[in-house]
Amino acid sequence: MGQKTNPIANRLGIIRGWDSNWYGGKNFAPKLIEDEKIRKYLNARLSKAGISKIVIERTLKLVTVTIHTARPGIIIGKGGQEVDKLKEELKKVTSKEIQINIAEIKRPELDAVIVANTVASQIEGRISYRRAIKTSIASAMRIGAEGIKIGISGRLGGAEMARREQYKEGRIPLHTFRADIDYATCEAHTTYGRIGVKVWICKGEIYGRPDLVPSTTSQKGKPMGGPQRPRGDRDRGPRSPKPRSRK
């Protein structure tokens, strides 16, 4: 009772793919550590670029890094100079040939990582946590989310005792595997301690068999997933015609 699972890990292989696509073999551990180094370096180096996720694919000699970002202009730079710099820096980290792809996120309001980072940065900027959360919820619902839930915990408002609060709107069916739920956690570092932020966003339900390899479907920043039905027609059979009223 009360066993919580990560909504993303719970859907791996069903409607979501993996962020690292390669075969490790006997050298699994060094490659895993290398992936972690690449992600840690890029998240620190491009902290203002609104990075959602970093997908890594490997062949024998080439490492392909796909950066999903809300602000591709910051990463690309003038004439692609910044990308070339990044390539050289990552070559020193991994000592392998690097290829960098950049995928733009068209609707950052529906990305859990970006929403969590936005709320955390606003709390660090001494904005009221209630205002920051309610603004994020309103913008997500306006863009087209089916539901959003934001949980926050810690010494809220600088209170002496830590507490936990949750705000939600719409539907977030965590037990439904076909529900496309994005989830992320983040921490706000304030003068009175750390404040944790959790975000769940339901984008609808995915039917059919989606392509689980992220790089092939999201090169242009398109959301991953198969064909979706309109919101109002889910799980309903054929509608019978309405009876005409006799006058």
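Note that the structure is predicted; figures quoted are calculated from it, not measured.

The rules behind these values
Residues numbered from 1 in each chain as written. Predicted model: local features only at pLDDT ≥ 70, side-chain atom pairs only at ≥ 80, totals over all residues. Heavy atoms only, no water. Salt bridge = Lys/Arg side-chain N within 4 Å of Asp/Glu carboxyl O. Helix = DSSP H or I, 4+ residues; strand = E, 2+ residues; numbered from the N terminus. Buried < 20%, exposed > 50% of the residue type's maximum accessible area, 1.4 Å probe, protein only. Core = buried A, V, L, I, M, F, W, Y, C linked by side-chain atoms within 4.5 Å. Pairing = 2+ DSSP bridges. Axes fitted to C-alpha atoms, helices over the stretch in contact; angles between N-to-C directions. Contact = heavy atoms within 4.5 Å. Expected span 1.5 Å × (residues − 1). Arc of directions from axis to C-beta.

1. A word on the pattern of salt bridges
- Enumeration according to the criterion identifies 16 salt bridges in this entry.
- Here Arg-45 ties to Glu-82 by a salt bridge, and the two come within 3.7 Å at their closest N and O atoms. Of this pair, Arg-45 sits in helix H1 (residues 28-45) while Glu-82 sits in helix H3 (residues 81-94), placing them 37 residues apart in sequence.
- Measuring nitrogen to oxygen at the nearest pair gives 3.9 Å for the salt bridge that ties Lys-85 to Glu-82. Placement of the pair is Lys-85 and Glu-82 together in helix H3, with a separation of three residues, close to one helical turn.
- On the basis of relative accessibility, which here comes to 24%, the residue Glu-82 falls in the partly exposed class.

2. So, the nonpolar core
- Within the largest apolar cluster, 24 residues are counted, with the highest numbers of intra-cluster contacts made by Ile-123, Ile-133, Ile-150, Ile-152 and Val-199.
- In terms of residue count, helix H4 (residues 112-124) provides more of this core than any other element does, six residues in total.
- Core analysis: the next-biggest nonpolar cluster, separate from the first, contains 16 residues, Leu-46, Val-63, Ile-75 and Ile-98 among them.

3. Observations concerning the sheet that holds strand S7 (residues 179-190)
- Taken together, the four strands give an open sheet; going across it, the order is S6-S5-S8-S7, and neighbouring strands pair in antiparallel fashion. Bordering the open sheet on either side are strand S6 (163-170) and S7, each of which pairs with just one other strand. Across the sheet, the axes of successive neighbouring strands diverge by a mean angle of 10°, strand direction being ignored.
- Both strand S5 (residues 147-154) and strand S8 (residues 193-205) contribute to a ladder of eight bridges, which runs antiparallel. Of the residues in S8, the one forming a bridge with Gly-147 is Cys-202.
- Where H4 meets the sheet, its contacts fall on S5, S7 and S8, and the angle it forms with S7 comes to roughly 25°.
- Sheet strands in contact with helix H5 (residues 129-143) are S5 and S6, and its direction is about 20° off that of S6.

4. So, the sheet that holds strand S3 (residues 62-69)
- As summarised here, the arrangement of the four strands in space is S1-S2-S3-S4, forming an open sheet in which the pairing is mixed. One side of each edge strand has no neighbouring strand; the edge strands of this open sheet are strand S1 (20-21) and strand S4 (97-104).
- Inspection of the sheet shows S1 paired to strand S2 (residues 51-58) by two bridges, in the parallel sense. Counted as the bridge partner of Asn-21 is Glu-57 from S2.

5. Considering H3
- For H3, with 14 residues, the first-to-last C-alpha span of 20 Å sits near the 20 Å given by 1.5 Å per residue.
- Burial in H3 covers these residues: Val-83, Leu-86, Leu-90 and Thr-94. The buried residues of H3 occupy an angular sector of 55° when projected down its axis, which confines them to one face. What points out from H3, more than 90 degrees from its buried face, is the exposed set Gln-81 and Lys-92.
- Where H3 terminates, the next one or two residues include Ser-95, which has phi positive at roughly 55°.

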